[in-house]
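# Summary of the model geometry
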Amino acid sequence: MQEQWDVASSEVTSGSRLSFHCWPSSRLEATRCVAPIGALYTPLKKLPPNCAPPTALQYDPVRCSTATCHAVLNPYCQVDFRSKLWVCPFCLTRNHFPPHYAENMSETNLPAELIPQYATCEYELPSVPDMGPPAFVFVVDTCSHAEELAELADSLQQALNLLPEDSLVGLITFGTNVQVHELGFEGIPKAYVLRGNKEYSPSRVGDLLGCAGNQPVPQQNGQGAPGAPGGAPNAPANQMAGPGYNVLQRFLLPVSECSFTLESILEDVRKDPWPVPSDKRVARCTGCALSVATGLVDLAMPRRGARVMLFTGGPCTSGPGQIVSRLKTEDMRSHADLAKNAESLHKPACEFYASLAHRRQGKNAPAGTATTAAAHVVDVFACSLDQVGMLEMRELVEATGGLMVLGDSFGQSVFKESLRRVFNRYPDDIPEDGGKMSMAFAASLEVLTSREFKVSGAIGPVTSLNKKGPNVSDIEIGKGGTSAWSLGGIDPSTTVAIYFDVTNPGTTPLSSNKRRYIQFLTRYLHSSGKTRIRSTTLVGNWQNAEGQDQQQQQAMANNPVKLSFDQEAAAVLTARVAVHRTETEDVADVLRWIDRSLIRLCTKFADYRPDDPSSFRLSPEFSLYPQFMFHLRRSQFLQLFNSSPDEAAYYRYILTRENTTNSLVMIQPTLLSYSFNGPPTPALLDAESVRQDVILLLDTFFHVVVFHGETIAAWREQKYHEQEEHAAFRDLLDAPQADAQMIMDARFPVPRYIVCDQHKSEARFLMAKLNPSSTHNSPDGGGGGTQVFTDDVSLRVFMEHLMKLAVQS
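The structure displayed is predicted, hence computed values, not measured ones.

Conventions adopted
Position numbers for residues start from 1 in each chain and track the written sequence from start to end. Where totals are concerned, whole chains, interfaces and linings use all residues; where local detail is concerned, this predicted model gives features only for residues with pLDDT of at least 70, and gives and counts side-chain atom pairs only at 80 or more. Only hydrogens and water are removed before side-chain values are computed, so all heavy atoms of the structure are retained for them. Every helix listed is a DSSP run of H or I at least four residues long, and every strand listed is a run of E at least two residues long, numbered separately from the N terminus. The size measure is the radius of gyration over C-alpha atoms, and the globule rule it meets is 2.2 Å times the number of residues to the 0.38 power. Classification of residues uses two cut-offs on accessible area relative to the type maximum, computed with a 1.4 Å probe and protein chains only: under 20% is buried, over 50% is exposed, and between them is partly exposed. By definition, residues are in contact when any of their heavy atoms lie within 4.5 Å. DSSP bridges decide pairing: two strands pair if at least two such bridges lie between them. Geometry is summarised by axes, namely lines fitted to C-alpha atoms with helices restricted to the contacting stretch, and by angles between N-to-C directions that run from 0 to 180 degrees. Each aromatic pair joins two rings of Phe, Tyr and Trp (for Trp, the six-membered one) with centres within 6.5 Å, and gets the label stacked for planes under 30 degrees apart, edge-to-face for over 60, and tilted for any other angle. Two limits define a charge over a ring: the Lys NZ or Arg CZ must be within 6 Å of the ring centre, and within 35 degrees of the ring normal. By convention a nonpolar core is built from buried Ala, Val, Leu, Ile, Met, Phe, Trp, Tyr and Cys residues, the set being connected through side-chain atoms within 4.5 Å. Roughly parallel refers to an angle under 35 degrees, roughly antiparallel to one over 145, roughly perpendicular to one between 65 and 115, and oblique to any angle outside these ranges. Polarity classes work like this: nonpolar for Ala, Val, Leu, Ile, Met, Phe, Trp, Tyr, Cys and Pro, charged for Asp, Glu, Lys and Arg, and polar for all others, with Gly in that last group. Summary of the metric used: pLDDT quantifies the predictor's per-residue confidence within the range 0 to 100. In this analysis, the expected span of each helix is defined as 1.5 Å times one less than the number of residues it contains. What qualifies as a polar contact is a pair of N or O atoms within 3.5 Å, subject to a donor-acceptor requirement within protein and to the restriction that residues adjacent in sequence count only when both atoms come from side chains. Whenever a carboxyl oxygen of Asp or Glu lies within 4 Å of a side-chain nitrogen of Lys or Arg, that contact is scored as a salt bridge.

Right, let's talk about the overall build of the chain for a bit. Secondary structure summary: the chain contains 23 helices and 31 strands in total. Here the chain has a C-alpha radius of gyration of 28 Å; the compact-globule value for 809 residues is 28 Å, and the two agree. Considering only C-alpha atoms, the chain reaches an extent of 85 × 85 × 60 Å along its principal axes. Scored against the burial criterion, the 809 residues of the chain give a buried share of 57%. Counting only contacts in the chain whose residues sit at least 6 apart along the sequence, the fraction spanning at least 24 positions is 73%.

Below you can see the structure in the form of structure tokens.
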């Protein structure tokens with residue numbers, strides 16, 4: 001009897017997806033599995049009430065007493081109710097329950113964290129003071145055209161209405177120089193102008209804004225300064241205020257107090273007045289503006305949540321972070337320039353933005369690591385037909401857990417709708433969190449494991465916290481050498497990939513009832529200012545080889561490791577490794593690695609007779625995996641043709657932070673076919689699906705394309721859909737557009753919406769994604785469907801080569 005595994009159910013119950021649910025019990029067998037052994041974990045995913053307590057527990061978690069463990073109490077702990085002890089499943093230490101637990105608990109009266117179905121529990125820590133509401137600093141590029149500035153100002157005014165009344169807000173505009181607007185100055189608009197050709201440390205920002213000196217704290221009827229953490233009352237009259245207090249009085253004010261001032265400044269924003277010679281680019285000091293903005297929030301609120309939101313319409317051409325010369329005779333860097341190291345400004349710009357990300361981490365922290373979780377998030381909203389430097393800014397955004405949005409214009413829905421969704425709130429019917437912003441700050445993730453395996457690393461918007469320990473593997477995948485990472489800003493869709501290394505030697509088989517345990521501990525600052533810890537504990541089985549040789553193991557149709565394979569999660573974990581490797585390796589080498597891994601995986605898990613490709617069969621658990629790899633090889637993540645370095649960095653960053661379902665849509669887009677023959681049906685992502693009498697709806701995550709066949713487009717041009725007797729045709733035209741709207745309503749960043757007709761220019765968005773089963777080189781014209789003009793191999797040819805190589809003895 002084969003055991004059936006519901007591999008996707010863990011995403012609903014715990015916010016995690018594993019590549020294998022049953023693991024091989026030795027390092028050798030784990031290596032032979034080829035596919036990465038790992039998990040995709042979404043820390044803030046809202047879980048159903050039968051899987052986790054509906055509200056956060058209002059006390060500190062009970063933790064293991066071992067110095068190297070500190071695991072949180074969970075349902076998989078062995079509990080001795082007579083002696084009031086619990087055994088940690090990770091280090092096997094016996095721990096005493098705290099007195100208030102011991103007095104009240106029994107087998108029929110369990111605390112929430114021991115209830116069997118509550119493997120995930122969230123704690124709100126009363127021991128940590130309330131940090132107060134977050135701050136938002138808008139950093140606005142004034143070098144754009146007047147129409148673009150008007151669209152941006154309108155969007156920012158709408159964004160102000162989406163912010164909670166008590167959240168703080170600040171405004172910095174930049175062009176040739178940087179203007180820091182003093183929102184607390186009444187009467188007339190007042191701004192401090194800083195030169196745009198240099199970097200500013202937080203203390204220097206304080207000096208230049210007149211906030212450095214200590215001043216007496218004024219009394220305000222016992223009320224605290226605007227936005228003071230927890231609404232703490234003011235200090236005694238003789239206490240001196242530091243620079244942070246002055247910033248909070250003048251430059252970062254609650255929305256309720258400064259919205260009118262801020263809206264009037266935004267209405268009056270004009271294009272940067274500095275003259276620009278015709279042979280030069282405009283002077284844009286993006287790097288300097290970011291150093292001022294991050295310095296401002298570092299000074300005012302070092303441990304509180306804040307977002308620095310950059311809105312830019314072009315590349316940095318002046319000061320630190322410059323990516324291109326002002327001379328128009330010098331072109332923007334391309335993939336070829338970067339491959340040859342021919343771009344002299346690229347490396348210094350990357351180092352500058354990385355230094356902003358790690359500025360508060362201290363000089364002794366190793367490069368690329370952090371000592372504390374980033375409380376201040378940097379987002380980049382770039383709307384330009386040219387590149388703006390996202391490639392160089394990526395480390396700053398990634399290290400702080402920020403968001404990236406790339407559009408053509410500030411008037412596009414890609415930008416306008418995406419900006420609104422940054423401030424999304426939980427639905428009102430959610431207990432405790434209803435109506436509160438879904439974003440969180442200063443997040444960190446720690447991973448605990450039982451003794452038979454270790455943590456290899458993580459891939460996603462993370463920075464290593466350099467936490468060594470007995471469960472840290474020597475083999476590094478992604479950001480390794482640690483069991484804890486800073487995530488910075490997170491939201492309910494942020495997903496991190498964690499990779500594991502089975503270290504148990506094959507000479508010591510595990511007992512049949514042995515289980516493996518993983519615990520994810522996410523500490524974060526809620527948008528309400530409260531600090532929370534979410535603990536998710538996963539349990540799983542081991543599969544012992546039990547002395548059988550390799551051929552016997554392969555022949556076992558009911559091998560639990562094989563049956564527990566989640567091909568969707570494995571494809572996404574593999575894609576993240578491939579994208580991570582492109583940062584240090586040539587893309588051709590990464591493609592070769594994908595091919596070799598796929599051949600080895602099929603050799604291990606397929607059923608076949610040696611040297612007989614016609615006998616090759618893959619079980620349903622593996623049948624889609626080669627298809628995912630085929631589309632990954634052709635995707636924009638690994639094929640740089642027709643994309644700029646900025647676009648490649650943007651696409652890759654989004655892939656490394658999205659959940660399994662969204663990542664799969666990016667790798668292998670979905671296609672729906674609409675016709676008069678019946679309801680919409682899923683169609684193969686193949687040239688055969690393109691027909692004259694159908695409408696196709698393509699979802700690539702970044703684009704949503706409604707494609708009309710030639711006949712349908714001709715009927716629409718004849719306006720048949722406006723005639724009453726052709727109501728069915730009108731419904732057919734409307735159906736894909738309604739479905740496209742549903743897709744776009746639930747996504748961030750908002751995808752670009754494209755409506756196109758067969759044989760027209762924008763049909764390329766669909767044609768580029770189709771499997772070229774029929775090309776201009778096909779001998780018979782390819783039969784049905786349409787021809788794709790490409791030299792790429794088709795999925796059929798790809799599979800023929802794979803089968804031939806996999807069965808070689």
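Now that the structure has been shown, we can carry on.
Quick look at the sheet that holds strand β1 (residues 16–18) now. Strand order in the open sheet made by the 4 strands is β1-β3-β22-β19, with antiparallel pairing throughout. Looking at strand neighbours, the two that pair on one side only are β1 and β19 (453–459), the edges of this open sheet. Looking at each pair of strands side by side, their axes are set apart by 25° on average, direction ignored. One ladder, built from 6 bridges, connects β19 with strand β22 (residues 496–502); its direction is antiparallel. Bridge pairing links Val455 to Phe500 in β22.

Let us now look at the packing of aromatic side chains. A full pass over the atoms with the stated rule returns 32 aromatic pairs. Centre to centre, the rings of Tyr192 and Phe251 are 5.7 Å apart; their planes meet at 65°, and the pair counts as edge-to-face. Taken together, the residues span a long stretch of sequence, with Tyr192 in strand β11 (residues 191–194) and Phe251 in the loop between α6 (243–250) and β14 (253–254) at a distance of 59 residues. With a centroid separation of 5.9 Å and an interplanar angle of 55°, the aromatic rings of Tyr650 and Phe702 are classed as tilted. Note that Tyr650 is positioned in helix α18 (residues 645–655) and Phe702 in the loop between β29 (695–699) and β30 (703–708), a separation of 52 residues in sequence. Pair check on accessibility: Tyr650 and Phe702 agree, each one buried. Each member of the aromatic cluster is reached from another via a ring pair, and the members are Phe20, Phe565, Phe605, Phe622 and Tyr625. Across the ring face of Phe605, the terminal group of Lys604 is positioned such that the distance to the ring centre comes to 5.7 Å.

Taken together, the 5 strands give an open sheet; going across it, the order is β28-β27-β29-β30-β31, and neighbouring strands pair in mixed fashion. At either end of the open sheet lies a strand with only one pairing partner, and these are β28 (678–682) and β31 (752–757). Each adjacent strand pair in this sheet contributes to an overall mean axis angle of 15°, direction not counted. Across 5 bridges, the pairing between β29 and β30 is antiparallel. Bridge pairing in β30 links Leu697 to Val706.

Note that soluble globular proteins tend to have their nonpolar side chains buried in a common cluster. Val178, Ile498 and Phe500 are the most contacted members of the largest nonpolar core, which has 135 residues in total. The contact partners of Val178, leaving out residues within four places of it in the chain, are Ile172, Thr173, Tyr192, Val193, Leu194, Cys285, Cys288, Ala289 and Val292. Formed by 38 residues, the second largest nonpolar core is a distinct cluster that contains Met131, Met309, Val405 and Phe415.

Right, let's get into the packing of helix α16 (residues 587–605) against helix α17 (residues 625–634). A pair of packed helices can be characterised by two numbers: the angle between their axes and the separation between those axes. Between α16 and α17, the shortest axis-to-axis distance is 11 Å and the interhelical angle comes to 175°. Here α16 lies roughly antiparallel to α17, going by the angle between them. On α17, the residues that touch Leu591, Ile594, Asp595, Leu598, Leu601 and Cys602 of α16 are Tyr625, Pro626, Met629, Leu632 and Arg633. Here the contact of α16 with α17 is built from residues that sort into 9 nonpolar, no polar and 2 charged.

Here we take up the confidence of the model for the chain. Scored by pLDDT, the chain comes out at a mean of 90, with 92% of its residues at no less than 70. The secondary structure element of the chain with the lowest average pLDDT is helix α13 (residues 550–555), at 48, and the one with the highest is strand β3 (residues 38–41), at 98. Counted against residues more than four places away or in other chains, residues 219–240, with its pLDDT under 50, gives 45 contacts.

Between α6 and helix α8 (residues 286–300), the shortest axis-to-axis distance is 7 Å and the interhelical angle comes to 115°. Here α6 lies roughly perpendicular to α8, going by the angle between them. Residues Pro243, Gly244, Val247 and Leu248 of α6 form the contact with α8, whose participating residues are Leu296, Leu299 and Ala300. Looking at side-chain class alone, the contact of α6 with α8 contains 6 nonpolar, 1 polar and no charged residues.

A few words now on the environment of Ser623. As for its placement among the helices and strands, Ser623 is situated in the loop between β26 (612–617) and α17. For Ser623, a relative accessible area of 36% corresponds to the partly exposed category. C-alpha of Ser623 to C-alpha of Thr329: the two residues are 294 residues apart in sequence and 52 Å apart in space. Not counting residues within four places of it along the chain, the set of residues in contact with Ser623 comprises Gln567 and Leu618.

In an α-helix, one full turn covers 3.6 residues, which means residues spaced three or four apart are oriented alike. For helix α21 (residues 727–745), spanning 19 residues, the distance from its first C-alpha to its last is 27 Å, which sits close to the expected 27 Å at 1.5 Å a residue. Among the residues of α21, those classed as buried are Phe729, Leu732, Leu733, Pro736, Ala740 and Met744. Looking at the buried positions of α21, the neighbouring elements they touch are α12 (413–422), β27 (670–675), β29, β30, α20 (710–717) and β31.

With respect to the helices and strands, the residue Thr317 is situated in the loop between β15 (306–312) and α9 (335–339). The class of Thr317 is buried, set by a relative accessible area of 3%. Of note is the side chain of Thr317, whose polar atom sits 2.9 Å from the backbone nitrogen of Arg284. With residues near it in sequence (within four places) discarded, Thr317 still touches Arg281, Val282, Ala283, Arg284, Gln322, Val324 and Arg326.

What follows covers the pairing of β26. Bridge analysis of strand β25 (residues 607–609) against β26 gives 2 bridges, and the strand direction is antiparallel. Across the sheet, Asp607 pairs through a bridge with Arg617, a residue of β26.

Okay, the pattern of salt bridges next. Evaluated as defined, the whole model comprises 40 salt bridges. Here Glu124 and Arg532 are joined by a salt bridge, their closest N and O atoms 2.9 Å apart. Taken together, the residues span a long stretch of sequence, with Glu124 in strand β7 (residues 120–124) and Arg532 in strand β24 (residues 531–543) at a distance of 408 residues. With relative accessibility at 9%, the residue Glu124 sits in the buried group. The shortest N-O distance in the salt bridge between Glu452 and Lys514 comes to 3.4 Å. Within this pair, whereas Glu452 is found in the loop between β18 (440–449) and β19, its partner Lys514 is found in the loop between β22 and β23 (515–526), the two being separated by 62 residues in sequence. For Glu452, a relative accessible area of 8% translates into the label buried.

Another point: the side chain of Lys604. As for its position among the elements, Lys604 is in helix α16. A relative accessible area of 10% places Lys604 in the buried class.

Residue position: Glu392 is located in helix α11 (residues 390–400). Considering only alpha carbons, one finds Glu392 and Lys280, 112 residues apart in sequence, at a separation of 22 Å. Reaching out from Glu392, the side chain makes a polar contact with the side chain of Arg333 at a distance of 2.8 Å. Only 2.9 Å separates the side chain of Glu392 from the side chain of His346, close enough to count as a polar contact.

For the rest of this paragraph, the subject is unusual backbone geometry. Between Phe748 and the following residue, Pro749, the backbone shows a cis peptide bond with an omega angle of -10°. Among the secondary structure elements, Pro749 is positioned in the loop between α21 and β31. With phi around 50°, Ala442 is a residue other than glycine that occupies positive phi space. Note on placement: Ala442 falls in strand β18. Phi is positive for Phe701, which is not a glycine, with a value near 80°. Mapped onto the elements, Phe701 comes out in the loop between β29 and β30.

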